[in-house]
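Letter by letter, the chains look like this.
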Amino acid sequence: MKILVCISNVPDTTSKINFTEGDTKFDTNGVQFVINPNDEFGLTRAMWFKEKQGATVHIATVGEASVEPTMRKALAIGADEAIRVNALPTDGFFVAEQLAHIIKDGAYDLVIAGRESIDYNGGMVPGILATLLGMNFVNSCINLEVDGNTATAVREIDGGKETLQTTLPLIIGGQKGLVEESDLKIPNMRGIMMARKKTLTVVEPIEAVKATKDTKFDKPAAKGAVKLVDSVDELVNLLHNEAKVI
């Protein structure tokens, strides 16, 4: 089985976020970047298929040279090869077009993408990929088993879970639950050294329309002052007369 894991390079959630040029551009100064958490769950599941079923695992990213440390981490975790499309990922449709081209050329059986990235939270790339390629698609996937050409997936739905059976080739939008956080792999020194020797291919982007454009970013409003109370009566009074929630 040949697997492609789509990786996004996103800011660490502990980073301080700022914008420049009139709040139209994300300021990367001082920001640490990591593998998108939903993609990391998918990568870890791909490693399970590699260990249990002998799958070959490639990763792909749309990004400039600055994303390569994140890609090398994915290689250190255990991916066999990496492909970087040399373009700025400013639009979900543009990104999906680039990845679709890679998937066509690579003839992958299973494509694992994160349900959404934690930077723009667009949640659109896996679904667009499936449409462009005419492949089966399961979103919000929290478990996946593959037996031959048959895949059994569990996805999260409102108030419960749904189990689906489909066939390869398949694209999934993975999330937490695909593996547990305790299963996530931390690269060891041997993995880091081996990652330096693994193939990281850089390809130029194909022509594709950027269907959307960011015009402005707004940070959440600052939180108001906190009031400390010494008694339940005072708390009830504030909730009733000031907050007016009871």
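Since the structure is predicted, the reported quantities are computational estimates derived from the model, not experimental observations.

Trainee: Which parts of the structure should I look at to understand the pattern of salt bridges?
Mentor: Any two side chains of opposite charge can pair, so long as their charged atoms come close to each other. All told, the structure shown has nine salt bridges when counted by the stated rule. The shortest N-O distance in the salt bridge between E162 and R155 comes to 2.7 Å. Residue classification places R155 among the partly exposed positions, given a relative accessible area of 26%. Across the salt bridge formed by D218 and K216, the nearest N and O atoms sit 2.8 Å from each other.

Trainee: Can you help me understand the pairing of strand β12 (residues 170–174) in this one?
Mentor: Consecutive residues of a regular strand have side chains that alternate between opposite faces of the sheet. Here β12 lies mainly inside the structure; five of its five residues are buried. Every second residue of β12 is oriented toward a common face, with L170, I172 and G174 on one face and I171 and G173 on the other, all of them buried. Bridging between strand β8 (residues 110–114) and β12 involves five bridges; their strand directions are parallel. Residue pairing for β12: L110 is matched across the bridge by L170.

Trainee: Explanation requested: the packing of aromatic side chains in the structure shown.
Mentor: Each aromatic ring pair is summarised here by two numbers: the centre-to-centre distance and the angle between the ring planes. Across all of its chains, the model carries five aromatic pairs by this definition. Consider the rings of F19 and F217, whose centres lie 4.7 Å apart with planes at 5°: the pair is stacked. With a gap of 198 residues between them, F19 in strand β3 (residues 19–20) and F217 in the loop between β13 (200–203) and α6 (232–242) connect regions that are remote in the sequence. Ring geometry for W48 against F49: centres 5.3 Å apart, planes inclined by 80°, an arrangement best described as edge-to-face. A relative accessible area of 27% places W48 in the partly exposed class. On the basis of relative accessible area, F49 is assigned to the buried category, the value being 0%.

Trainee: What's the story with the UniProt feature "domain: Electron transfer flavoprotein alpha/beta-subunit N-terminal" (unreviewed entry) in the protein chain in this structure? I'm lost.
Mentor: Cross-referencing UniProt, the feature "domain: Electron transfer flavoprotein alpha/beta-subunit N-terminal" (unreviewed entry) maps to residues 23–212 in the present numbering. In residues 23–212, the share of helix is 31% and the share of strand is 31%. The end C-alpha atoms are 17 Å apart.

Trainee: I tried to follow the packing of helix α3 (residues 92–106) against helix α4 (residues 125–133) on my own but got confused; where do I start?
Mentor: How two helices sit against one another is set out by the angle between their axes and by the gap between those axes. Contact pair α3 / α4: the axes reach a minimum separation of 9 Å and the direction vectors enclose 50°. In terms of axis orientation, α3 runs oblique to α4. Between α3 and α4 lies a crossing whose hand is right-handed. Of the residues in α4, those in contact with G92, F93, V95, A96, E97, L99, A100, I103 and K104 of α3 are V125, I128, L129, L132 and L133. Residue composition of the contact of α3 with α4, by class: eleven nonpolar, one polar and two charged.

Trainee: Quick question: what am I supposed to make of the packing of helix α1 (residues 37–53) against helix α2 (residues 68–77) here?
Mentor: At their nearest, the axes of α1 and α2 sit 10 Å apart, and the two run at 30° to each other. The orientation of α1 with respect to α2, classified from their angle, is roughly parallel. Crossing of α1 over α2 shows right-handed handedness. Contact with α1, carried on its side by E40, L43 and M47, involves K73, A74 and I77 of α2 and no other residues of that element.

What counts, and at which threshold
Residues numbered from 1 in each chain as written. Predicted model: local features only at pLDDT ≥ 70, side-chain atom pairs only at ≥ 80, totals over all residues. Heavy atoms only, no water. Salt bridge = Lys/Arg side-chain N within 4 Å of Asp/Glu carboxyl O. Buried < 20%, exposed > 50% of the residue type's maximum accessible area, 1.4 Å probe, protein only. Helix = DSSP H or I, 4+ residues; strand = E, 2+ residues; numbered from the N terminus. Pairing = 2+ DSSP bridges. Phe/Tyr/Trp six-rings, centres within 6.5 Å; stacked < 30°, edge-to-face > 60°. UniProt positions renumbered as here; feature names shortened; annotations may be inferred. Axes fitted to C-alpha atoms, helices over the stretch in contact; angles between N-to-C directions. Parallel < 35°, antiparallel > 145°, perpendicular 65-115°, else oblique. Left-handed = near helix turned anticlockwise from the far one by under 90°. Contact = heavy atoms within 4.5 Å. Nonpolar A, V, L, I, M, F, W, Y, C, P; charged D, E, K, R; others polar.

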